[in-house]
Amino acid sequence: MKETILLFNPPEKEKLLKIEMALFPLHIRIKRILPEDYCQPLGFLAGMKDIEPAAKPYEGEELSGTMFVFCFLNDNRLNQALSALKRSGAGPFPYKAILTPTNSTWTAPECFSELQREHEALHPRG
């Protein structure tokens with residue numbers, strides 16, 4: 001499978017350009033996901049043939065932050081992508097996930113909700 005980053009609720013144009021420029025030399029595909037596709041399983045959006053698409057379009061709220069889902073990157077390539085994103089100056093981006101067998105059937109809102117819970121557990125507001 002082709003190395004892909006699924007991008008949900010991308011930042012404004014200036015920051016998005018920084019992200020694209022940072023990742024361009026790595027030749028990792030960035031796939032911007034439209035809100036109407038947020039009900040689709042992450043694995044389906046990433047191009048996994050064994051994941052069935054959802055029948056209805058998403059009609060809920062936009063995610064409250066930008067979310068990245070890294071698909072089909074080995075550890076070295078993931079570290080390169082994360083480093084490039086950090087150097088881009090477009091972040092910080094606290095909501096990042098790696099596509100796994102467990103979350104490949106999740107929707108974007110389900111994944112985002114889990115990332116929010118994890119972020120709040122790691123960074124409690126005092």
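Above this note sits the structure.
Residues numbered from 1 in each chain as written. Predicted model: local features only at pLDDT ≥ 70, side-chain atom pairs only at ≥ 80, totals over all residues. Heavy atoms only, no water.

> How do you make sense of the side chain of T107 when you look at a structure like this?
Locating T107 in the fold gives a position in the loop between β4 (95–98) and α4 (108–122). Leaving out residues up to four positions away in the same chain, T107 has contacts with Y38, C39, Q40 and L42. (Helix = DSSP H or I, 4+ residues; strand = E, 2+ residues; numbered from the N terminus. Contact = heavy atoms within 4.5 Å.)

> Quick question: what am I supposed to make of the packing of aromatic side chains here?
Each aromatic ring pair is characterised by the separation of its centres together with the angle its planes make. Evaluation of the coordinates by the stated rule reveals five aromatic pairs. With a centroid separation of 5.5 Å and 65° between ring planes, the pair formed by F8 and Y38 is classed as edge-to-face. Taken together, the residues F8 in strand β1 (residues 4–8) and Y38 in the loop between β2 (29–33) and α2 (42–46) connect sequence positions 30 residues apart. Summarising the burial analysis for this pair, F8 and Y38 share the class buried. (Phe/Tyr/Trp six-rings, centres within 6.5 Å; stacked < 30°, edge-to-face > 60°. Buried < 20%, exposed > 50% of the residue type's maximum accessible area, 1.4 Å probe, protein only.)

> Is there a simple way to explain the nonpolar core in this structure?
Burial of nonpolar side chains together is a common tendency in soluble globular proteins. Core analysis: the biggest nonpolar cluster contains 20 residues, and L6, F8, Y38, M67 and V69 have the highest contact counts within it. Within the residue set of this core, elements represented by two or more residues are β1, α2, β3 (67–71), β4 and α4. Ranked by the residues each element gives to this core, the list is headed by α4, at four residues. With residues near it in sequence (within four places) discarded, V69 still touches T4, I5, L6, F8, L42, A97 and L99. In this structure, I19, F70, L73 and L78 belong to the second largest nonpolar core, which totals 17 residues. (Core = buried A, V, L, I, M, F, W, Y, C linked by side-chain atoms within 4.5 Å.)

> I keep staring at unusual backbone geometry and nothing clicks. Help me out?
In terms of backbone geometry, most residues other than glycine have negative phi values and most peptide bonds are trans. Looking along the chain, the bond that leaves G91 and enters P92 is cis, with omega of 10°. Structurally, P92 is set in the loop between α3 (75–88) and β4. Positive phi values are uncommon outside glycine, yet F72 reaches one of about 65°. Topologically, F72 is positioned in the loop between β3 and α3.

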